[in-house]
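# Commentary on secondary and tertiary structure
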Amino acid sequence: MQPPSLSDSAKTAGLELVETCRAKAIELLRDNLSPEGILAAKPNARSAARGYATIFGRDAAVCAIGMALSGDAQLEREATTGLLTLAAHQAANGQIPNFFDARAQETDFWYIGCIDATLWWLIALDFLNRRDPAPGLRQRLAPEIAKAIQWLGAQEHQRFFLLQQNEASDWADIMPRSGFVLYTNALWYRVKQLHGLPRAEETRANFNRLFHPFSAGRDEYRRARLLAHYAKRNARNRELYLSFVNFSFFGEEGDVFGNLLALLCGLADREAQCRTLRALDRAGVAEPWPVRVVCEPISAKSLFWRPYMSRHRQNFEWQYHNGGIWPFVGGFWITALALAGKRDRADAELIKLAGVNALEGWSFHEWLHGRTLAPCGMSGQSWNAAAFLMALDAVRRGTSIFARDPGA
């Protein structure tokens, strides 16, 4: 799908909006700095009451990447601070915290465990170290990195070489994905590449066999054949990667973030890349704003519905992780378009992303309702600003932190 051609005046207005968003993103990230690192959202009474005025593991890692790409000296200098704080509060077994609250001196690892904070921490550390080796981050944190990798290795299935997890234990923390989860294992493969971990190619091969069995050949491992059997027999959507695979169950709601990371982390060949972007376009995930995080929300009548999804009436259809629009994921959508060579489309989507961040006086809202488009959640989100800066860098330079060659 190609964006409609824009008049010269519209192009000029779009470029001005993008530049304004860049400046506002840098301003927000500066405002959200603390001595311990970047806070998840702008500090005020509401964010403090809701626990957003803390150092979140995954948020701080995504923000560190955007801050390093910002071109702002203060943000570049502070990009490592939150990662170092998280390292200082690493669990004895190697797990990186879900969040650290400096005011309360509380370290939290989530109800049933948070697996992706450790993955994002490792990815961000490697990126910052490659971008500026002078501080010697990887050498300085070598013991903590080794412990983090050991902890993740303990979650790895020893025939599939994919991570296993509880449901609701990653960024989509009230979604019923469990077992082998698409989003998590895309990040795991990237960590293996960046840190030179063993069995990376087996992880990649099993990732594609398990999460897209429709394009895979017959697997020699009997249990893999049985896992794939249920999806091959019953799945309706065969273009996207499955959101999770767990014994006789699998997710086909269309996890947009997971599918984008499969492309960005180098798990998809050219054919799979085209197939996935085409399917996401057909689902209209970027209309009117980039990007809705589920193609088909899970209804309260679904087999996969969980009672916790109705807590605070938050995760009903088209809300929150169940079909809400998340601008920070929009940054990854644009990055994927840019790396796929779809420059004009990426440019157009970047303007839209600036537009959604600009709502309600540059509020950088956490998420929007997928149908009414009402801004929801916490405003002043740091990772919205960081993901915009990441996407802007990908569009302008034609590369990104997810370049296939980790040394690029």
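Analysis parameters
- Residues numbered from 1 in each chain as written.
- Predicted model: local features only at pLDDT ≥ 70, side-chain atom pairs only at ≥ 80, totals over all residues.
- Heavy atoms only, no water.
- Helix = DSSP H or I, 4+ residues; strand = E, 2+ residues; numbered from the N terminus.
- Rg over C-alpha atoms; globule rule 2.2 N^0.38 Å.
- Buried < 20%, exposed > 50% of the residue type's maximum accessible area, 1.4 Å probe, protein only.
- Contact = heavy atoms within 4.5 Å.
- Areas by Shrake-Rupley, 256 points an atom, 1.4 Å probe, with all protein chains shown as cover.
- Salt bridge = Lys/Arg side-chain N within 4 Å of Asp/Glu carboxyl O.
- Pairing = 2+ DSSP bridges.

### Considerations on the overall build of the protein chain
Check the secondary structure of the protein chain and you find 16 helices and 10 strands. Taking 22 Å as the expected radius of gyration for a compact globule of 408 residues, we find that the protein chain reaches 20 Å, a close match to that expectation. The C-alpha extent of the protein chain, read off along each of the three principal axes, is 55 × 50 × 45 Å. Sorting the 408 residues of the protein chain into buried and exposed places 59% on the buried side. Counting contacts in the protein chain only where the partners sit at least 6 residues apart, residues at least 24 apart contribute 68% of the total. As displayed, the protein chain has an accessible area near 16400 Å², and 50% of this comes from carbon and sulfur atoms.

### Topic: the pattern of salt bridges
One pass over the structure, following the stated rule, counts 23 salt bridges. In this structure, Arg199 and Glu202 form a salt bridge, with 2.7 Å as the shortest nitrogen-oxygen distance. According to the relative accessible area criterion, Arg199 is partly exposed, its value standing at 42%. For Glu202, a relative accessible area of 33% corresponds to the partly exposed category. In the salt-bridge network here, residues are joined through shared partners; they are Asp281, Glu287, Arg345, Glu349 and Lys352.

### Concerning the sheet that holds strand β7 (residues 244-246)
Judged by pairing direction, the sheet is antiparallel, and its three strands sit side by side in the order β6-β7-β8 without closing on themselves. Bordering the open sheet on either side are β6 (180-181) and β8 (249-250), each of which pairs with just one other strand. In terms of strand pairing, β6 meets β7 through two bridges, oriented antiparallel. Bridge pairing in β7 links Val181 to Phe244.

Treat this as a map of the structure, not an account of what it does.
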